[in-house]
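# Structural description and commentary
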Amino acid sequence: PSLKSSPELKSKVSSFLSILADNDKGSLASVKSLLDRQPKVSDNDLKLIFDKLISMISTTYDPKVGDAKALVKAALHDVGMPSDISQERIGTCTATTVQIQLAIRNPVEYLKMLDTLAKNQPYTTLKGSVVPPNFTFTDEGVGTNLDTGRTISSKVMQNAIMDFGDAETRAFDSSKGHGGLSYQQTAKALNQIVNLNVESSWIWDYSPTQLIDIAKKSKPSWENPIEISLSYEKSGRDARHSVSLVDMNDSNVTIVNPWGKEETFPIAELQPRILSINNPVGLDKGIIKIDPKDPSIKTNLQDDSKKAELLNKISVAQK
């Protein structure tokens with residue numbers, strides 16, 4: 001329907017497919033997904049996306065990136081099906097979540113970032129931060145080095161995001177299996193790369209019940225994915241796992257897992273696992289500060305009908 005209502009857009013899509021010219025069913029499926037995806041991409045942004053993809057096909061990228069057409073196919077997949085983007089066999093869940101959120105929220109900027117980094121050039125974010133390229137992925141699978149199995153777009157994007165997030169602590173190297181960003185580093189990447197204004201709330205300051213309430217108050221949706229971390233596995237790499245919360249009601253939550261899939265499960269399963277949330281700055285979390293010397297506090301704590309309500313409204317530190 002979007003092509004029927006916009007001859008200009010239809011022309012751009014036709015031009016792109018004719019240049020691709022290999023009857024690749026995967027790419028055709030990605031085009032359809034892009035046109036039909038939720039949240040919907042405006043016709044104007046779709047025109048910009050196909051203009052960019054067409055120009056990328058004829059761009060000369062750093063030789064380490066490889067074939068331009070392969071990069072374009074991966075890029076089309078990413079903006080058409082963001083929830084299918086995967087970290088594969090490396091612990092870059094935080095960077096992958098940032099990558100997914102940029103593809104969901106601003107696919108036009110996503111392509112600009114990928115295009116710039118693939119030329120081995122630093123990318124300047126909408127907030128003016130500089131994200132250098134990180135090509136350590138070219139050493140993946142060499143000798144005993146880790147073979148991550150990621151697409152070329154994911155290698156380029158995730159490596160740069162990881163390196164940007166933890167530049168002050170180490171030199172990121174995906175071939176060595178480096179992974180993991182702290183809560184603050186993830187917030188930094190979301191703020192500067194996705195152009196958000198978020199801050200971290202974590203389990204040391206808030207109870208699981210409070211974090212669930214903060215998540216609800218953040219109003220997660222496909223238009224407004226919210227990064228959270230949870231204990232996805234009992235131990236190992238995914239004992240702290242970053243995902244995007246895209247739907248939430250009184251019974252269930254839906255997440256985009258950076259393993260390339262969407263999952264829906266009971267909110268009762270999330271509550272004992274949630275570790276942090278990058279919520280909007282200035283959000284009214286419903287948390288109050290109390291004066292411990294106030295005599296009414298002792299009275300309320302001794303009253304079973306008031307105790308739970310009071311404890312649910314104060315932070316861990318206040319408790």
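Along every chain, residues carry numbers that run from 1 in the direction the sequence is written. Per-residue local features are limited, in this predicted model, to residues with pLDDT of at least 70; the limit for side-chain atom pairs, both in listing and counting, is 80 or more; totals at the level of whole chains, interfaces and linings are taken over all residues. Remark: hydrogens and water are excluded; side-chain values derive from all non-hydrogen atoms of the structure.

### Quick notes on unusual backbone geometry
As a reminder, the rule being used: Numbering of helices and strands runs from the N terminus; a helix is a DSSP stretch of H or I covering at least four residues, while a strand is a stretch of E covering at least two. Type-normalised accessible area, obtained with a 1.4 Å probe on protein chains alone, sets the label of each residue: buried when under 20%, exposed when over 50%, and partly exposed for intermediate values.
Here the residue pair Gln38 and Pro39 is connected by a cis peptide bond, since its omega of -5° sits within 30 degrees of zero. Its location among the elements puts Pro39 in the loop between α3 (25–36) and α4 (43–57). The backbone of Glu88 shows a phi angle near 55°, a positive value even though the residue is not glycine. On the secondary structure map, Glu88 appears in the loop between α5 (68–80) and α6 (93–105). The class for Glu88 is partly exposed, based on a relative accessible area of 37%. Residues other than glycine seldom take positive phi values, yet Asn120 does so here, at roughly 65°. For Asn120, the location among the structural elements is in the loop between α7 (107–118) and β1 (123–124). Classification of Asn120 by relative accessible area gives partly exposed; the value is 37%.

### With respect to the pairing of strand β6 (residues 252–257)
For a regular strand, side chains alternate in direction, first toward one face of the sheet and then toward the other. Which entries qualify depends on this criterion: A strand pair is defined by DSSP finding two or more bridges across the two strands.
Of all six residues in β6, five are buried, a share of seventy percent or more. Bridge count between strand β5 (residues 241–248) and β6: four bridges; the pairing is antiparallel. When the bridges of β6 are listed, Met248 appears paired with Val253. What sits between β5 and β6 in their antiparallel hairpin is a turn of three residues. Sheet topology places β6 next to strand β7 (residues 261–266); six bridges connect them, and they run antiparallel. Each residue of the ladder has a partner; that of Asn252, found in β7, is Pro266. Hairpin connection between β6 and β7: a loop of three residues separates the two successive antiparallel strands, and Gly260 in this loop has a positive phi of roughly 85°.

### A closer look at the packing of aromatic side chains
The line we're drawing: For this analysis, a ring pair means two rings from Phe, Tyr or Trp (six-membered ring only for Trp) whose centres lie within 6.5 Å, classed as stacked if their planes differ by under 30 degrees, edge-to-face if by over 60, and tilted for the remaining angles. Any Lys NZ or Arg CZ found within 6 Å of a ring centre and within 35 degrees of that ring's normal is scored as a charge over the ring.
Within the structure shown, the criterion is met by six aromatic pairs. Relative to Trp204, the ring of Trp202 has its centre 6.0 Å away and its plane inclined at 70°; by these criteria the two rings are edge-to-face. Connected via pairs of aromatic rings, a cluster forms that spans Tyr183, Trp202 and Trp204. Here Lys188 stacks its cationic end above the ring of Phe164, 4.6 Å away from the centre of that ring.

### Quick word on the packing of α6 against helix α9 (residues 183–193)
To keep things clear, this is the line we draw: Throughout, an axis means a line fitted to C-alpha atoms (over the contacting stretch in the case of helices), and angles, computed between N-to-C directions, take values from 0 to 180 degrees. In this scheme, roughly parallel covers angles under 35 degrees and roughly antiparallel covers those over 145, while 65 to 115 is roughly perpendicular and the rest are oblique. Crossing handedness: left-handed means the near helix sits turned counterclockwise from the far one by under a right angle, and right-handed means the same turn made clockwise. What makes two residues a contact is simply this: any of their non-hydrogen atoms within 4.5 Å. Side-chain classes follow a simple rule in which Ala, Val, Leu, Ile, Met, Phe, Trp, Tyr, Cys and Pro form the nonpolar group, Asp, Glu, Lys and Arg form the charged group, and the remainder, Gly included, forms the polar group.
Across the interface, α6 lies against α9 with an axial gap of 10 Å and an inter-helix angle of 20°. Comparing the axis directions of α6 and α9 gives the class roughly parallel. In terms of crossing hand, the pair formed by α6 and α9 is right-handed. Along the contact surface, α6 presents Thr94, Val98, Gln101 and Leu102, while α9 presents Thr186, Ala189, Leu190 and Ile193. Here the residues of the contact of α6 with α9 sort into five nonpolar, three polar and no charged.

### Observations regarding the side chain of Gln185
Defined as follows: For this analysis, a polar contact is any N or O atom pair within 3.5 Å, provided that within protein one partner can donate a hydrogen and the other can accept it, and provided that sequence-adjacent residues contribute only side-chain to side-chain pairs.
Among the structural elements, Gln185 can be located in helix α9. Within the structure, Gln185 has its side chain in polar contact with the backbone nitrogen of Ser182 (distance 2.9 Å). Non-local contacts of Gln185, meaning those with residues more than four positions away in its chain, are made with Gly165, Asp166 and Thr169.

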